[in-house]
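Fold and contact review
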Amino acid sequence: MSRATLRDVAKLAGVSVATASKALNGQPQVRAETRERVVRAAEQLSFSPNTLAQGLITQRSGTVGLLTSDLEGRFSIPILMGAEDAFGSDQTSVFLCDARGDTIREKHHLRALLSRRVDGLIVVGARPDTRPSLGDLPVPVVYAYAPSDDPADLSLITDNTGGGRTAVDHLIRCGRRRIAHITGDPGYSAAQDRARGAVDRLTEEGLTLAGGEVWFGMWSEAWGRGATRMLLDRCPDVDAIFAGSDEIARGVLDVLHEERIDVPSRVAVIGFDNWSVLAVNSRPPLTTIDLNLEHLGRIAAQRLSAAMEGTPTSGVETFPVRLITRESTAPLR
């Protein structure tokens, strides 16, 4: 059986080919009853529009680019998955390009994507710090995870400060009072924001950090181990540790196990990022803060679609994180 054509749909609906095309592409010149008749005819014939032909009519390629510097894909892949879910596999394809933190490579990928007539761009940073804007481009752009330095751009970010508050609030609700915070590079805005949220929540409860300070260092298990040893020397009665990443939390757990300190009955541990390969396979499995990146990707796709339809937005939108509770935290007995 041959595939139905637009001409077949027009004939069945009793309209011209031009009217059928306008009806199926959502053009406003078509009356509602005519559009309904064309849609019914298309459904009856199982008509599937040719993507190339649609592009010639709408001046769209049906593709968008996702430009990232996240070499490992820890942040860009969930955002990509969320964006693909929002666009729909039969509507828009997403091309992923990794600049690996290299501005020259980023410019090359940008030229390549624009030469392929992508309809828009989602730009994802490797870290949640402000990045340079790509400037004026012939297509709409949405920045996700790492905000643009231009307030005229649209940037979607996660609430790291709120994540720090949520982590410490959970530990407080578990009955913990001597809570320490071991985190990564102080040059990262995420480290500073998470620490600020943690300290603010402790202050509201009339508490101070166990050990007397935020333990800034590196985003690594090795730092988690080293900082935990220093913390136990200074504050042996600590009853909870909020780690600024799941990698750091794994290092924390290593030392607690070596010292035969039970988790969570004596010391509760919470991480950040919900990197499942680490969090789920920790012993015990790690309570952590999820950045909700797939949701961020879906919103980025929705905002980009709106901009491609002529309704752009600008500024910074902040989205909440969520607590994922596992066995590494529990109420004091």
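Residues numbered from 1 in each chain as written. Predicted model: local features only at pLDDT ≥ 70, side-chain atom pairs only at ≥ 80, totals over all residues. Heavy atoms only, no water.

A word on the packing of aromatic side chains
Given two aromatic rings, one states the distance between the centres and the angle between the planes to describe the pair. In the structure shown here, the tally under the stated rule is 3 aromatic pairs. Consider the rings of F75 and Y145, whose centres lie 4.8 Å apart with planes at 20°: the pair is stacked. Separated by 70 residues along the polypeptide, F75 in the loop between β1 (63-68) and α5 (76-87) and Y145 in the loop between β4 (141-144) and β5 (154-158) bring together distant segments of the chain. Neither residue differs from the other here; F75 and Y145 are each classed as buried. Ring geometry for Y188 versus W219: centroids 5.6 Å apart, planes at 65°, classification edge-to-face. Of this pair, Y188 sits in the loop between β6 (179-182) and α8 (189-204) while W219 sits in the loop between β7 (214-215) and α9 (221-234), and the two are 31 residues apart along the sequence. Stacked on the ring of Y188, the Lys or Arg R127 has its end atom at 3.6 Å from the ring centre. Looking at R194, its charged tip hangs above the ring of F272, at a distance of 3.8 Å from the centre. (Phe/Tyr/Trp six-rings, centres within 6.5 Å; stacked < 30°, edge-to-face > 60°. Helix = DSSP H or I, 4+ residues; strand = E, 2+ residues; numbered from the N terminus. Buried < 20%, exposed > 50% of the residue type's maximum accessible area, 1.4 Å probe, protein only. Lys NZ or Arg CZ within 6 Å of the ring centre and 35° of its normal.)

Let's talk about the sheet that holds β7
Across the sheet, 6 strands lie side by side as β7-β6-β8-β9-β10-β12; this open sheet has mixed pairing. With one partner strand each, in any of the chains shown, β7 and β12 (322-324) form the two edges of the open sheet. Note: strand β8 (residues 240-243) against strand β9 (residues 268-273), 3 bridges, orientation parallel. Note on β9: the bridge partner recorded for I241 is V269. Here helix α7 (residues 160-173) sits on the sheet in contact with β6, β8, β9, β10 (287-290) and β12, set at roughly 160° to β9. Its contacts with the sheet put helix α10 (residues 246-258) on β6, β8, β9 and β10, and the angle it makes with β9 is roughly 160°. (Pairing = 2+ DSSP bridges. Contact = heavy atoms within 4.5 Å. Axes fitted to C-alpha atoms, helices over the stretch in contact; angles between N-to-C directions.)

Looking at α9
For α9, which comprises 14 residues, the first-to-last C-alpha distance of 20 Å matches the rise-based estimate of 20 Å (1.5 Å per residue) to within 8%. Regarding α9, the residues found buried are W223, G224, A227, T228, L231 and L232. The arc that holds the buried residues of α9, viewed along the axis, is 155°, so those residues lie on one side. Each element contacted by the buried residues of α9 is listed here: β6, β7, β8 and α10. (Expected span 1.5 Å × (residues − 1). Arc of directions from axis to C-beta.)

Description of the sheet that holds strand β11 (residues 315-319)
Note: strands within a sheet are paired through backbone hydrogen bonds, in either parallel or antiparallel orientation. The strand order across the open sheet formed by 6 strands is β2-β1-β3-β4-β5-β11, and the pairing between neighbours is parallel. Of all the strands in the sheet, just β2 (93-98) and β11 have a single pairing partner and so form its edges. When the angles between neighbouring strand axes are averaged without regard to direction, this sheet yields 20°. Running over the sheet, helix α6 (residues 103-115) touches β1, β2 and β3 (121-124) and is turned about 155° from β2. Against the sheet, helix α12 (residues 293-308) makes contact with β1, β3, β4, β5 and β11, and its axis sits at roughly 170° relative to β5, the strand it touches most.

What about the environment of Q302?
Inspection of the secondary structure puts Q302 in helix α12. Residues Q302 and E317, 15 residues apart in the sequence, show an inter-C-alpha distance of 13 Å.

As for helix α1 (residues 6-13)
Looking only at α1, the buried set comprises V9, A10 and A13. Axial view of α1: buried residues confined to an arc of 100°, hence all on one face. The exposed set on the far side of α1, more than 90 degrees from its buried face, consists of R7 and K11. Buried-residue contacts for α1 involve α2 (17-24) and α3 (32-44). G14 occupies a position one or two residues after α1 and carries a positive phi of about 75°.

Some thoughts on the packing of α5 against α12
In contact at an axis separation of 6 Å, α5 and α12 are set at 50° when each is read in the N-to-C sense. Relative to α12, α5 is oriented oblique. Considering only the axes of α5 and α12, their crossing is right-handed. Along the contact surface, α5 presents P78, I79, M81, G82, A83, D85, A86 and F87, while α12 presents L293, E294, L296, G297, R298, A301, L304, S305 and M308. Considering only residue class, the contact of α5 with α12 consists of 11 nonpolar, 3 polar and 3 charged. (Parallel < 35°, antiparallel > 145°, perpendicular 65-115°, else oblique. Left-handed = near helix turned anticlockwise from the far one by under 90°. Nonpolar A, V, L, I, M, F, W, Y, C, P; charged D, E, K, R; others polar.)

Comments concerning the confidence of the model for the protein
Per-residue pLDDT for the protein averages 89, and the proportion of residues at 70 or more is 93%. Confidence drops under pLDDT 50 across residues 51-58; counting only partners more than four residues distant or on other chains, this segment forms 7 contacts. (pLDDT = per-residue confidence, 0-100.)

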